[in-house]
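This is what each chain is made of:
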Amino acid sequence: MKILVINGPNLNMLGRREPPIYGSVAYDQLAALIQEWSGALAVSATVFQSNSEGQIIDAIQGAGQYDGIIINAGGYTHTSVAIRDALLSVGLPVVEVHLSNIFSREEFRKTSFISDIAVGVITGFGTESYHLGLIALYEHLKKKKHAEDKN
């Protein structure tokens, strides 16, 4: 099982950017945790980060070898129809994750262009959101494969 983990703008600043909201774990530490968690599930995870909407779209469009996507689109969550369209175009199951609880923050953060096309949304648990996202996507893919095998 292969999962692509996509991180959007400013996530490279983790540990330095507003620690009371986003925590003190640096981006490199988060990437290492994702590898550790995916290894425990016997899943291969590729972690990608970009501040560029176009590079995120390119990563999504090039995700054909993956079984699913976990995405924290950062600020693009609330603004990018293009990222939404790219996710729809590849037809892979998507889990949306956020470090902070976007629903308890500014009004504009309560709108996501991804949530309604995702198999699930995990928000507000800090880095653990990624761990929970990996488990959820793994279980979703496992059930999907089991159902396909029965047919």
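Look up: the structure comes first, before these words.
Report follows, based on the coordinates. Bear in mind the structure is a predicted one, so any value in this text is a computation, not a measurement.

Conventions used here
- Residues numbered from 1 in each chain as written.
- Predicted model: local features only at pLDDT ≥ 70, side-chain atom pairs only at ≥ 80, totals over all residues.
- Heavy atoms only, no water.
- Core = buried A, V, L, I, M, F, W, Y, C linked by side-chain atoms within 4.5 Å.
- Buried < 20%, exposed > 50% of the residue type's maximum accessible area, 1.4 Å probe, protein only.
- Helix = DSSP H or I, 4+ residues; strand = E, 2+ residues; numbered from the N terminus.
- Contact = heavy atoms within 4.5 Å.
- Axes fitted to C-alpha atoms, helices over the stretch in contact; angles between N-to-C directions.
- Parallel < 35°, antiparallel > 145°, perpendicular 65-115°, else oblique.
- Left-handed = near helix turned anticlockwise from the far one by under 90°.
- Nonpolar A, V, L, I, M, F, W, Y, C, P; charged D, E, K, R; others polar.
- 1 Å grid on protein atoms, 1.4 Å probe; cavity = no way out; pocket = protein on both sides within 12 Å on 5 of 7 lines; lining within 4 Å.
- Points joined across faces, edges and corners; volume = space filled by probe spheres on them.
- Salt bridge = Lys/Arg side-chain N within 4 Å of Asp/Glu carboxyl O.

1. Some remarks on the nonpolar core
Here's step 1: Ile-3, Leu-14, Ile-34, Ile-70 and Tyr-130 are the most contacted members of the largest nonpolar core, which has 21 residues in total.
Here's step 2: The set of elements that each furnish at least two residues to this core consists of strand E1 (2-7), helix H2 (27-40), strand E4 (94-98) and helix H5 (128-150).
Here's step 3: It is H5 that provides the largest number of residues to this core, a total of 5 residues.
Here's step 4: With residues up to four places along the chain from it excluded, the contact list for Leu-14 reads Tyr-22, Val-25, Ala-26, Tyr-27, Leu-30 and Leu-99.
Here's step 5: With 18 residues, the next largest nonpolar core counts Ile-60, Ile-69, Ile-83 and Ala-86 among its residues.

2. Let's talk about the packing of H2 against H5
If you want to describe how two helices pack, look at the angle between their axes and the distance between the axes.
Here's step 1: At a closest axis distance of 10 Å, the pairing of H2 and H5 adopts a crossing angle of 30°. Taken together, H2 and H5 sit at an angle that is classed as roughly parallel. H5 is crossed by H2, and the crossing has right-handed handedness. The residues of H5 that touch H2, namely those facing Leu-30, Ile-34, Trp-37 and Ser-38, are Glu-128, Tyr-130, His-131 and Leu-134.
Here's step 2: A class-by-class count of the residues in the contact of H2 with H5 yields 5 nonpolar, 2 polar and 1 charged.

3. Description of the layout of surface pockets
Here's step 1: For the largest pocket, the calculated volume is near 200 Å³.
Here's step 2: Taken together, 16 residues form the lining of the largest pocket, with Arg-17, Tyr-22, Gly-74, Gly-75 and Arg-109 sitting closest to its centre.
Here's step 3: When grouped by side-chain class, the residues that make up the lining of the largest pocket number 6 nonpolar, 7 polar and 3 charged.

4. Quick look at the pattern of salt bridges
Here's step 1: Summed over all chains, the structure comprises 4 salt bridges.
Here's step 2: The partner of Lys-142 in a salt bridge is Glu-139, with the nearest N and O atoms 3.5 Å apart. Within this pair, Lys-142 and its partner Glu-139 are both found in helix H5, separated by 3 residues, close to a single helical turn.
Here's step 3: When its relative accessible area of 39% is taken as the criterion, Lys-142 is described as partly exposed.
Here's step 4: Salt-bridge contacts for Asp-149 lead to Lys-145; the nearest nitrogen and oxygen are separated by 3.4 Å. A residue pair is termed a helical-turn pair when its members lie 3 or 4 positions apart in one helix, as Asp-149 and Lys-145 do in helix H5 at 4 residues.
Here's step 5: You can call Asp-149 exposed: its relative accessible area is 53%.

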